[in-house]
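Given next are the chains, with one letter for each unit.
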Amino acid sequence: MSFATADLYDEHGEDLQSVTTQMISVGGVHRFTGPIRTVRCFESNVEVKKLVATPGDGAVLVVDGQGSMNRALLGDNVARTAMENGWAGVIVNAPVRDRVELGTLQIGVKALGTNPALHR
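The rules behind the values
- Residues numbered from 1 in each chain as written.
- Predicted model: local features only at pLDDT ≥ 70, side-chain atom pairs only at ≥ 80, totals over all residues.
- Heavy atoms only, no water.
- Helix = DSSP H or I, 4+ residues; strand = E, 2+ residues; numbered from the N terminus.
- Contact = heavy atoms within 4.5 Å.
- Polar contact = N/O pair within 3.5 Å; in protein donor to acceptor, adjacent residues only side chain to side chain.
- Salt bridge = Lys/Arg side-chain N within 4 Å of Asp/Glu carboxyl O.
- Buried < 20%, exposed > 50% of the residue type's maximum accessible area, 1.4 Å probe, protein only.
- Core = buried A, V, L, I, M, F, W, Y, C linked by side-chain atoms within 4.5 Å.
- Arc of directions from axis to C-beta.

**With respect to the side chain of Asn45**
Along the chain, Asn45 turns up in the loop between strand 2 (36-40) and helix 2 (46-52). In contact with Asn45, other than residues within four places in its own chain, are Leu73, Val78, Leu118 and His119.

Here's what the structure looks like:
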């Protein structure tokens, strides 16, 4: 898949939805697109795990972690599950963990940063 976000904006204008929060790309796929599904959670990835265990059908999961940097909401195991279930990517408004491993997976992952702490 090859596209430039700026070119898409030029073509679609205000009909295009984009994330304005500055995030880092940590997945093995840096450009991804798809219908959006959202989940809101705070410092717990229980709902994220449930959603990625369902068929993604090329969708992008947007995780509203409310910007908290205290707990990672996605790691390599959950991202691998998402990849295996056909999700195009995950955008996390919080940190992720397992950055090196995430970079080896063929799924898009964007996040605010990293933190090894995970909700238990």
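There is more to say, and it comes next.
**Comments concerning the side chain of Ser68**
Checked against the element boundaries, Ser68 lands in the loop between strand 3 (60-64) and helix 3 (76-84). At 2.6 Å, the side chain of Ser68 and the side chain of Glu43 are in polar contact. For Ser68, the contacting residues outside a window of four places in its chain are Phe42, Glu43, Asn93, Ala94 and Pro95.

**Some words on the pattern of salt bridges**
With the rule as written, the count across this model stands at 4 salt bridges. Arg37 is paired through a salt bridge with Asp57; the nearest N and O atoms lie 3.9 Å apart. Of this pair, Arg37 sits in strand 2 while Asp57 is found in the loop between helix 2 and strand 3, placing the two residues 20 residues apart along the sequence. A residue is classified by how much of its surface remains accessible, and Asp57, at 64% relative accessible area, is exposed. Among the salt bridges present, the one from Arg97 reaches Asp98, with a minimum N-O distance of 3.5 Å. Overall, Arg97 belongs to the partly exposed group, its relative accessible area being 21%.

**Thoughts on the environment of Met69**
Among the structural elements, Met69 can be located in the loop between strand 3 and helix 3. Note on Met69: relative accessible area 36%, which makes it partly exposed. Residues Met69 and Arg31, spaced 38 residues apart in sequence, show a C-alpha to C-alpha distance of 24 Å.

**Let's talk about the nonpolar core**
Judged by nonpolar contacts, the single largest core of 23 residues is most densely connected at Val48, Leu61, Val63, Leu74, Val90, Val92 and Val96. Among the secondary structure elements, those contributing two or more residues to this core are helix 2, strand 3, helix 3, strand 4 (89-96) and strand 5 (108-114). Element by element, the count of residues in this core is highest for strand 4, at 4 residues. In contact with Val63, other than residues within four places in its own chain, are Val39, Cys41, Val48, Leu73, Val90, Ile91, Val92 and Asn93.

**A word on the environment of Arg99**
Here Arg99 is to be found in helix 4 (residues 99-102). Along the sequence, Arg99 and Val60 sit 39 residues apart, while their C-alpha atoms lie 19 Å from each other. Dropping the residues within four chain positions of it, Arg99 is found in contact with Ile24, Val26 and Thr114.

**Considerations on helix 3**
Taken together, the buried positions of helix 3 are occupied by Asp76, Val78, Ala79 and Ala82. Take helix 3 and look down its axis: the buried residues cluster within an arc of 165°, on one side only. Away from the buried face of helix 3 by more than 90 degrees, exposed residues Asn77 and Glu84 are located. Those residues of helix 3 hidden inside the fold are in contact with helix 2, strand 4 and helix 4.

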